[in-house]
Amino acid sequence: MKITLKINNQVYTTHIDADESLLDTLRKLGFKSVKKGCDTGTCGVCTVLKNGKPVLSCQILAARAEGHDITTVEGLGEKADEIVDAIVSEGADQCGYCGPSLVVTTYAMKQELKDPTIEKINQYLSGNLCRCSGYEGQLRGIKKYMGVK
Amino acid sequence: MRDIRKFDARPKLDGSWKFLDDITYEGMIYGQLLYSTCHHGIIKKIQFPKDFELNEFTIVSAKDIVGKNLVPEPEPDQPFMAEDKVSHFGQIILGIAHPSKRTLISFIKQIQIDYQELPAITDIEECLENEDNVFGREIIIDHRREIELESNWIHSHEIYYTPHQEHAYMEPQGIISIWNPADRKMFVKATCQCPYFVKHAVEAIMGKAINEAVIETSEGIGGAFGGKEDFPNVLAGITSLLAYKSGKPVKIMLDRADDFKITTNRHPSRIELHTYTDPATKKIMKLNVDYRLDAGAYQTLSPVVLSRGVLHASGGYNIPDVYIRGRLFRSNTPSNGAFRGFGVPQALAAIEAHADKIASQLNMDPYDFRKTNIFKVGNEFPSTQKITENHLEECLDRVVQKSDYRKKLQEFKEWNVAHKDKKGIGISMGYHGGGYTGNGEKILNSKIKIIIEKDAKVKIFVSSTDMGQGAHTTLAQMFFEAIKHPREKCWVQLPNTSKTPDSGPTVASRTIYIIGTMLQKFALKIKDEMGFTNLEEYVASHQSDFPREFQIKFTPDPTVSFDDNNFRGTAYKDYSWAACVSEIYYHADTYQIELKKIWNVLDIGHPVNLKIAEGQVEGGNIQAMGYALTEFFYKKDFGRMQGFTDYSIPLSLDIPEIDIEFIHTDSDVAKGLGEIPMDYPAPAIRNAFHNAAGIFINEYPLTPERIFKQISSPKNHRI
Ligand code: FES
Ligand code: FES
């Protein structure tokens, strides 16, 4: 079937299978920052923003994303810089497979959490698995970015 | 010791760094593995579904193998694919490829295989309790010294059990193979730790069908932790066979469920200890260790895990009389393999917990007990290697001091009287020998190539891979810092076996310690020989000499020797040392242990890049926390593993505060670091639980279910 998706403020028309996940469609369209870690909604590396809210793209049918604003890290551009800097300055980036999804989730968190606390941040990020860093450096950087001591 | 930002940090976060699954080649088709769901049996019939065009698929079985159906390294006993018999769940039977992933998946789902089932061992206990299952070479470290047992010596006898651990790297395993009939070369793109192992495997399976296999890693390797040391060899072999047969580039990416079900894991262990301690001096006089690993169906690299395990099994204690026996046990589960720590986490999970047991029998504080028994300069390891520094004791003293151990002990004791929930604090210590065991580095004989270009750019060619541990940043740093060359003029190249010489596998905490040290020494040597103070200026004024290529070879230390038959001598030239204190909160209502804080004091020599080094400690600690508290599975339930809901790795919600201090950082040597932070925390957490609740648990992980069982029926406790 043919669908039209709005990704990073651009319109894409593409053919998909009816049961195709948004993750597969995004990757087919070249948005390779969106990774596949499990395909069953358990790891978070496929996270993208749907109307500004983080969603697991492996758990959404591409067809159901029609009419919504989809954002990947490619679409954040400069808006991601500050987050990237915060994470990198803590040396928190290791293999990087979880990186782009962490950046988009953090971006959404900044918009959403009005008065962020450490607990709220930990909770917000709890679906973003990372096996390398032990989260410590990531969270140090992100807390700084969120202005939480 | 400078913090140089990783060169790949930004592209990884902005998504432009390419991982294996981000790469496609013209005409590429997709492959998948069909593996056994039977643990042990004879393949009676393979039936393909009717409503597919069979000739659209490329199918390979053991019969298509041109070379040998045997993975050549490390121990050549595992076939790439099953022939008529399967020996474990997950054994690969067919490789199948098709242009459409979707068609491929539905085809494979409908393939029927009939087995004649044979008796199988799938349970860890069943495997490790029965000595009939022993296979491979047994290792004995015999350091017995005719000591008469005194009747008043305290005998402690315990058995410890540790589970499988899944690497759970976020990027699953994958390979792309491209066959070029013109030059008869097989090009393989791999997410792997050891490009030369992959090369040898592909050349073994392809035999005379190809002239050469060329292996190049992907830009990004999404975590490995040992998991991409041996399985990529098998996967690359089969993918290459598919590429050869189909004539097309073939990509196989395992999905998470298959990755969980069929790739290697950390070896489960059963470690039985007997100690005899003199109550007068509080010294352990005699130790006997029976160290058993469940190797799975084949040995593969289990013998090397076993040798490292037994060499670390007596911990940091000076015990006059020691006897250690190490054995591998066979089961009908996928072969277990390398995992950060390599036999040492199991060894420490036992000996460091046992130390607390003896301390409690002596009514002694665990720190005081360790102080009384810790080895000192002039003592020796059971292998007879001499202890030449007291840095382990320094780590221990420092971590006890900075964690306020004594004060907390007292505070928690008082707090616990008044509360149902409990607080606890525990200690552990350990060490990790750097590089290959014994004569391994001599045999590996690592080589490095360097090209200095006309613009003074230094290109470093090593087969060591960067799988997130920052190896390529740190290696370059070791070179450019040694001669004060600008950072942007020094790069490690993407490993490719046709360009990079064999600098050995990226394992055994050897990359910085062995390869980095070679680079550093070489930089200083050319500086000396060419007589420059500034390489850029030198190159500018000697343009006709450049580009220039250099080959560097590992020079073994002639004073280091090891007898592999009797396990005597210098097992490792340098050891990293560490001690840790962990603080836990025990939720009595839910039987849950919450790790609050962990203090690490380590001697890894000179930490080249402090941020990267700290990141290794943090990541290692959290994997160890998973090992201690939540991570396990039973292979008999393997079919059920789908994703991270079936296997709980720590989340950002669970993490404790981590304190890290490196000592002796002014050392000339950059010692091994990657593994040690995974080695020691688990027993410290277990010991802290004992301190909190007064209960010893000798089986890891300490899940609420296990704690509940122990509390409700303590008699069932094994020993
Ligand atoms: S790939 Fe979507 S949650 Fe793992
Ligand atoms: S950095 Fe490797 S998974 Fe997060």
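Keep in mind that what you see is a predicted model, and the values were worked out from it rather than measured.

Some points on the confidence of the model for chain B
Working step 1: Here chain B averages 96 in pLDDT, and 98% of its residues register 70 or above.
Working step 2: In the model output, the complex is listed with pTM 0.97 alongside ipTM 0.98.

Quick word on the packing of aromatic side chains
All names here are of chain B.
Working step 1: This model, assessed by the stated rule, comprises 31 aromatic pairs over all chains.
Working step 2: An angle of 50° between the planes, with centres 6.2 Å apart, marks the rings of Y35 and F89 as tilted. Highlighted residues: Y35 in strand β1 (residues 29–35) and F89 in the loop between β4 (85–86) and β5 (92–98), separated in sequence by 54 residues.
Working step 3: Residue class for Y35 comes out buried when judged on its relative accessible area of 12%.
Working step 4: Here the aromatic rings of F57 and F107 are separated by 3.9 Å at their centres, their planes lie at 20°, and the arrangement is stacked. Pair noted here: F57 is in the loop between β2 (41–47) and β3 (58–60) and F107 is in helix α2 (residues 101–109), with a separation of 50 residues, a long-range link.
Working step 5: Among the residues examined, F57 registers a relative accessible area of 7% and is labelled buried.

Let's talk about the sheet that holds strand β12 (residues 250–253) of chain B
Residues and elements named next belong to chain B.
Working step 1: Strand order in this open sheet of 7 strands is β3-β5-β1-β12-β9-β10-β11, and the pairing throughout is mixed. Two strands bound the open sheet, and with one partner strand each, they are β3 and β11 (212–217). With direction set aside, neighbouring strand axes in the sheet form an average angle of 25°.
Working step 2: Pairing between β1 and β5: 6 bridges, direction antiparallel. Each residue of the ladder has a partner; that of Q32, found in β5, is I96.
Working step 3: Running at roughly 150° to β11, helix α4 (residues 195–206) makes contact with β10 (185–190) and β11 of the sheet.
Working step 4: Sheet contacts for helix α5 (residues 227–246): β1, β3, β5, β9 (174–180), β10 and β12; angle to β9, the most-contacted strand, approximately 35°.

A short note on the interface of chain B and chain A
Working step 1: Between chain B and chain A, the residue contacts involve 50 residues of the former and 45 residues of the latter.
Working step 2: On the chain B side of the contact with chain A, B:L13, B:M170 and B:S652 bury the most area, a combined 19% of that side's loss.
Working step 3: Applying the counting criterion to the chain B and chain A interface returns 10 salt bridges.
Working step 4: Notably, a salt bridge pairs A:D17 with B:R102, separated by 2.9 Å at the nearest N-O pair.
Working step 5: Among the secondary structure elements, those contributing two or more residues to the side of chain B that touches chain A are α1 (9–13) and α16 (610–629) of chain B.
Working step 6: When residues in the side of chain B that touches chain A are grouped by element, the largest group, 7 residues, is from α16(B).
Working step 7: For the side of chain B that touches chain A, a count of residues per class yields 22 nonpolar, 14 polar and 14 charged.

Things to note about the environment of B:H391
Residues and elements named next belong to chain B.
Working step 1: Looking at the element boundaries, H391 is found in helix α10 (residues 391–402).
Working step 2: A relative accessible area of 13% means that H391 is categorised as buried.
Working step 3: Separated by 185 residues in sequence, H391 and S576 have C-alpha atoms that sit 8.9 Å apart.
Working step 4: Here H391 is in contact with W577, D603, I663 and H664, once residues within four sequence places are set aside.
Working step 5: Among the polar contacts listed, one links the side chain of H391 to the side chain of D603, at a separation of 2.7 Å.

Brief notes about the pairing of β2(B)
All names here are of chain B.
Working step 1: Two strands pair when backbone bridges link them, and β2 and strand β6 (residues 112–117) are joined in this way by 6 bridges, in the antiparallel orientation. Each bridged residue has a counterpart across the sheet, and for I43 the counterpart in β6 is Y115.
Working step 2: Note that β2 and β4 share 2 bridges and pair antiparallel. Bridge pairing links I42 to K85 in β4.

Description of the side chain of B:S652
Working step 1: Residue position: B:S652 is located in the loop between α16 and β25 (657–662).
Working step 2: Among the residues examined, B:S652 registers a relative accessible area of 2% and is labelled buried.
Working step 3: There is a polar contact of 3.2 Å between the side chain of B:S652 and the backbone oxygen of A:N122.
Working step 4: Apart from the residues lying within four places of it in its own chain, the contact partners of B:S652 are A:N122, A:L125, A:S126, A:Y135 and A:L139.

A few points about the packing of helix α3 (residues 81–89) of chain A against helix α4 (residues 99–112) of chain A
Residue and element names in this part refer to chain A.
Working step 1: Contact pair α3 / α4: the axes reach a minimum separation of 10 Å and the direction vectors enclose 120°. Comparing their axes, α4 and α3 come out oblique. Considering only the axes of α3 and α4, their crossing is right-handed. The segment α3 lies against α4, with I83, V84 and I87 engaging L102, V103, T106 and Y107.
Working step 2: Residues that form the contact of α3 with α4 fall into these classes: 6 nonpolar, 1 polar and no charged.

Examining the domain arrangement of chain B
How big an interface is tends to be stated in terms of the accessible area lost upon association of its parts.
Residue and element names in this part refer to chain B.
Working step 1: Considered domain by domain, chain B is made up of domain 1 (9–119 + 173–253), domain 2 (269–436 + 569–716) and domain 3 (440–553).
Working step 2: Its C-alpha centre places domain 2 at a distance of 36 Å from the equivalent point of domain 3.
Working step 3: Each side of the interface is counted separately: domain 2 has 18 residues, and domain 3 has 17 residues.
Working step 4: Between domain 2 and domain 3, a total of about 1400 Å² is buried, with carbon and sulfur atoms accounting for 59% of that surface.
Working step 5: When the buried surface of domain 2 facing domain 3 is broken down by residue, Y436, V608 and I612 rank first, second and third, together holding 44% of it.
Working step 6: Our count for the domain 2 to domain 3 interface comes out at 0 salt bridges.
Working step 7: For the pair domain 2 and domain 3, the interface holds 6 residue pairs in polar contact (both at pLDDT 80 or more).
Working step 8: When grouped by side-chain class, the residues that make up the side of domain 2 that touches domain 3 number 6 nonpolar, 7 polar and 5 charged.

About the cut-offs
Residues numbered from 1 in each chain as written. Chains lettered and ligands numbered in written order. Predicted model: local features only at pLDDT ≥ 70, side-chain atom pairs only at ≥ 80, totals over all residues. Heavy atoms only, no water. pLDDT = per-residue confidence, 0-100. Phe/Tyr/Trp six-rings, centres within 6.5 Å; stacked < 30°, edge-to-face > 60°. Helix = DSSP H or I, 4+ residues; strand = E, 2+ residues; numbered from the N terminus. Buried < 20%, exposed > 50% of the residue type's maximum accessible area, 1.4 Å probe, protein only. Pairing = 2+ DSSP bridges. Axes fitted to C-alpha atoms, helices over the stretch in contact; angles between N-to-C directions. Contact = heavy atoms within 4.5 Å. Buried area = accessible area lost by both parts, 1.4 Å probe. Salt bridge = Lys/Arg side-chain N within 4 Å of Asp/Glu carboxyl O. Nonpolar A, V, L, I, M, F, W, Y, C, P; charged D, E, K, R; others polar. Polar contact = N/O pair within 3.5 Å; in protein donor to acceptor, adjacent residues only side chain to side chain. Parallel < 35°, antiparallel > 145°, perpendicular 65-115°, else oblique. Left-handed = near helix turned anticlockwise from the far one by under 90°. Domains from an automatic or database assignment.

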